[in-house]
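Breakdown of the fold
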Amino acid sequence: DARVTQTPRHKVTEMGQEVTMRCQPILGHNTVFWYRQTMMQGLELLAYFRNRAPLDDSGMPKDRFSAEMPDATLATLKIQPSEPRDSAVYFCASAPGDGANVLTFGAGSRLTVL
Amino acid sequence: AQSVSQHNHHVILSEAASLELGCNYSYGGTVNLFWYVQYPGQHLQLLLKYFSGDPLVKGIKGFEAEFIKSKFSFNLRKPSVQWSDTAEYFCAVIPTDSWGKLQFGAGTQVVVTP
């Protein structure tokens, strides 16, 4: 089965620390998404890329969050500095970019900021 | 901007009962519609999708959904649930002319009791 791989699966850190989450999309998928899931807000789209170019990051707090795709096999989401309110599960998803928009999700990175 | 509404936040039912989860969206144009399922502690998985054609679509695990364009609805059904259907269910919508802007509903937590 083709999978979206995310690391780390769990991360506990202290407020103010930098956090980097990584995602390896399914080979051949050219669209990559970052979602954040919390009890209060549900699933929020933070950013997405197509052919490695950022298309929309309007859902992302610009002052502390950044998302990049250094190459086609790696997407990163960085928080610096992290805050307790960033505690959430961060999901990466990829899609083949064929117009069908069928997303395959990774297992998520559960972040706890103390 | 489009929005997705799921009518119930929590549903509790017994095994063998029938399930119907409501989903309405607000967008005047053509849309692709999805139901995703998230089992406890897991990532989102595609349950079924509708792009065009027969408005009654069948997905995995005995689920089906009906697209009613006039009502802007895409309700999910299962005639007889099992304990293993305990999960959170998300409706998602994307306009066909909008790359990446997959909008999720708030989710419905379904608990099936033995």
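Next up on the list: the overall build of chain B. Along the backbone of chain B there are zero helices and twelve strands. Each helix and strand of chain B, ordered N terminal to C terminal, gives the series β-β-β-β-β-β-β-β-β-β-β-β. Its C-alpha atoms give chain B a radius of gyration of 14 Å, within 12% of the compact-globule value 13 Å for 114 residues. Overall, chain B is about 45 × 30 × 20 Å in size when its C-alpha atoms are taken along their principal axes. For chain B, contacts bridging at least 24 residues in sequence account for 56% of all contacts bridging at least 6. Split by element, the accessible area of chain B, about 5,400 Å² in all, is 53% carbon and sulfur. Of the charged side chains in chain B, 8 are positive and 8 negative, and the gap between their average positions amounts to 4 Å.

Let us now look at the packing of aromatic side chains. Overall, the coordinates contain 17 aromatic pairs over all chains when judged by the stated rule. The interplanar angle of 90° and the centroid separation of 5.3 Å between the aromatic rings of Y35(A) and F104(B) together place this pair among those described as edge-to-face. Note that Y35(A) is positioned in strand 4 (residues 31-38) and F104(B) in strand 11 (residues 103-104), a pairing that runs across two chains. Comparing Y35(A) with F104(B) shows no difference in burial state: the two are buried. Ring plane angle 45° and centroid distance 5.5 Å describe the contact between F63(B) and Y89(B), whose orientation is recorded as tilted. Taken together, the residues F63(B) in the loop between strand 7 (56-58) and strand 8 (64-68) and Y89(B) in strand 10 (residues 87-95) connect sequence positions 26 residues apart. Residue F63(B) shares its accessibility class with Y89(B), and that shared class is buried.

A cis geometry characterises the amide bond from T7(A) onward to P8(A), with omega recorded as -10°. Inspection of the secondary structure assignment puts P8(A) in the loop between strand 1 (5-7) and strand 2 (10-13). At K61(B), a position not held by glycine, the phi torsion is positive, near 60°. Structurally, the position occupied by K61(B) is in the loop between strand 7 and strand 8.

Conventions adopted
- Residues numbered from 1 in each chain as written.
- Chains lettered and ligands numbered in written order.
- Predicted model: local features only at pLDDT ≥ 70, side-chain atom pairs only at ≥ 80, totals over all residues.
- Heavy atoms only, no water.
- Helix = DSSP H or I, 4+ residues; strand = E, 2+ residues; numbered from the N terminus.
- Rg over C-alpha atoms; globule rule 2.2 N^0.38 Å.
- Contact = heavy atoms within 4.5 Å.
- Areas by Shrake-Rupley, 256 points an atom, 1.4 Å probe, with all protein chains shown as cover.
- Lys, Arg positive; Asp, Glu negative; His and termini not counted.
- Charge placed at Lys NZ, Arg CZ, Asp CG, Glu CD.
- Phe/Tyr/Trp six-rings, centres within 6.5 Å; stacked < 30°, edge-to-face > 60°.
- Buried < 20%, exposed > 50% of the residue type's maximum accessible area, 1.4 Å probe, protein only.

Treat this as a map of the structure, not an account of what it does.
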